[in-house]
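Per-entry structural report
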Amino acid sequence: MSEKEKRLIERNAERCGLSISKYLRQRALGYMPRAALPEVFFSFNDKLDELCVAVEGKITADTEERIIALVDEITAELILPQKERLVV
């Protein structure tokens, strides 16, 4: 591996908040690790949780389920590593 490739891998691992070995392991298993999110995201997520608690019992069960599903979708999209689709 060239020095340029090594630096790129190191930078990408750092951006994701992972060790180089963990970053490479996730990549080898077909996952694309996410960049570490700024602290403001977690504050935003806490506010969404507060919203869910505040509206509990005050809205229809369907609306509550949709809000919770949306919060879960946002969390998964921004935090969880995504499996890459292999092009064959």
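Remember, it's a predicted structure, so these values are computed and weren't measured experimentally.

1. Some thoughts on the packing of helix α1 (residues 3-15) against helix α2 (residues 20-28)
One can describe the packing of α1 onto α2 by two numbers: an axis separation of 9 Å at closest approach and a directional angle of 95 degrees. The angle between α1 and α2 falls in the class roughly perpendicular. Where α1 abuts α2, its residues Ile-9, Glu-10, Asn-12 and Ala-13 lie against Ile-20, Tyr-23 and Leu-24. Taken together, the residues of the contact of α1 with α2 sort by class into five nonpolar, one polar and one charged.

2. Observations concerning the nonpolar core
Residues Ile-9, Ala-13, Cys-16, Leu-18 and Tyr-23 constitute the largest nonpolar core, which totals five residues. Once residues lying within four places of it in the same chain are set aside, the contact partners of Ala-13 are Leu-18, Ser-19, Ile-20 and Tyr-23.

3. Some remarks on the confidence of the model for the protein chain
Taken over all residues, the pLDDT of the protein chain has a mean of 83, while the share at 70 or more is 91%. Mean pLDDT in the protein chain bottoms out at strand β2 (residues 82-83), which sits at 68, and peaks at α2, which reaches 92.

4. Observations concerning a negative patch on the surface
Taken together, Glu-39, Asp-46, Asp-49 and Glu-50 make up a surface patch of like negative charges. With relative accessibility at 62%, the residue Glu-39 sits in the exposed group.

5. Considering a nonpolar patch on the surface
Residues Phe-42, Leu-78, Ile-79 and Leu-80 make up a contiguous nonpolar surface patch of roughly 310 Å² in combined accessible area. Looking at where Leu-78 falls in the secondary structure, it is placed in helix α4 (residues 61-78). Taking relative accessible area as the criterion, Leu-78 reaches 36% and is therefore assigned partly exposed.

6. Side note on the packing of helix α3 (residues 39-55) against α4
The contact between α3 and α4 brings their axes to 10 Å, and the two run at 165 degrees. Taken together, the axes of α3 and α4 are roughly antiparallel relative to one another. The handedness of the crossing between α3 and α4 comes out as left-handed. From α3, Phe-41, Asn-45, Leu-48, Asp-49, Cys-52 and Val-55 reach across to α4, where they touch Ile-67, Ile-68, Val-71, Ile-74, Thr-75 and Leu-78. Considering only residue class, the contact of α3 with α4 consists of nine nonpolar, two polar and one charged.

7. Focus on the pattern of salt bridges
One pass over the full model with this rule turns up one salt bridge. Asp-62 is paired through a salt bridge with Arg-66; the nearest N and O atoms lie 3.5 Å apart. Residue Asp-62 and its partner Arg-66 are located together in helix α4, separated by four residues, close to a single helical turn. The exposure class assigned to Asp-62 is partly exposed, which follows from its relative accessible area of 46%. Assessed through its relative accessible area of 56%, Arg-66 is described here as exposed.

The rules we used
- Residues numbered from 1 in each chain as written.
- Predicted model: local features only at pLDDT ≥ 70, side-chain atom pairs only at ≥ 80, totals over all residues.
- Heavy atoms only, no water.
- Axes fitted to C-alpha atoms, helices over the stretch in contact; angles between N-to-C directions.
- Helix = DSSP H or I, 4+ residues; strand = E, 2+ residues; numbered from the N terminus.
- Parallel < 35°, antiparallel > 145°, perpendicular 65-115°, else oblique.
- Contact = heavy atoms within 4.5 Å.
- Nonpolar A, V, L, I, M, F, W, Y, C, P; charged D, E, K, R; others polar.
- Core = buried A, V, L, I, M, F, W, Y, C linked by side-chain atoms within 4.5 Å.
- Buried < 20%, exposed > 50% of the residue type's maximum accessible area, 1.4 Å probe, protein only.
- pLDDT = per-residue confidence, 0-100.
- Patch = residues over 30% accessible without salt bridge, like charges linked within 9 Å, V, L, I, M, F, W, Y side chains within 5 Å.
- Areas by Shrake-Rupley, 256 points an atom, 1.4 Å probe, with all protein chains shown as cover.
- Salt bridge = Lys/Arg side-chain N within 4 Å of Asp/Glu carboxyl O.
- Lys, Arg positive; Asp, Glu negative; His and termini not counted.
- Charge placed at Lys NZ, Arg CZ, Asp CG, Glu CD.
- Left-handed = near helix turned anticlockwise from the far one by under 90°.

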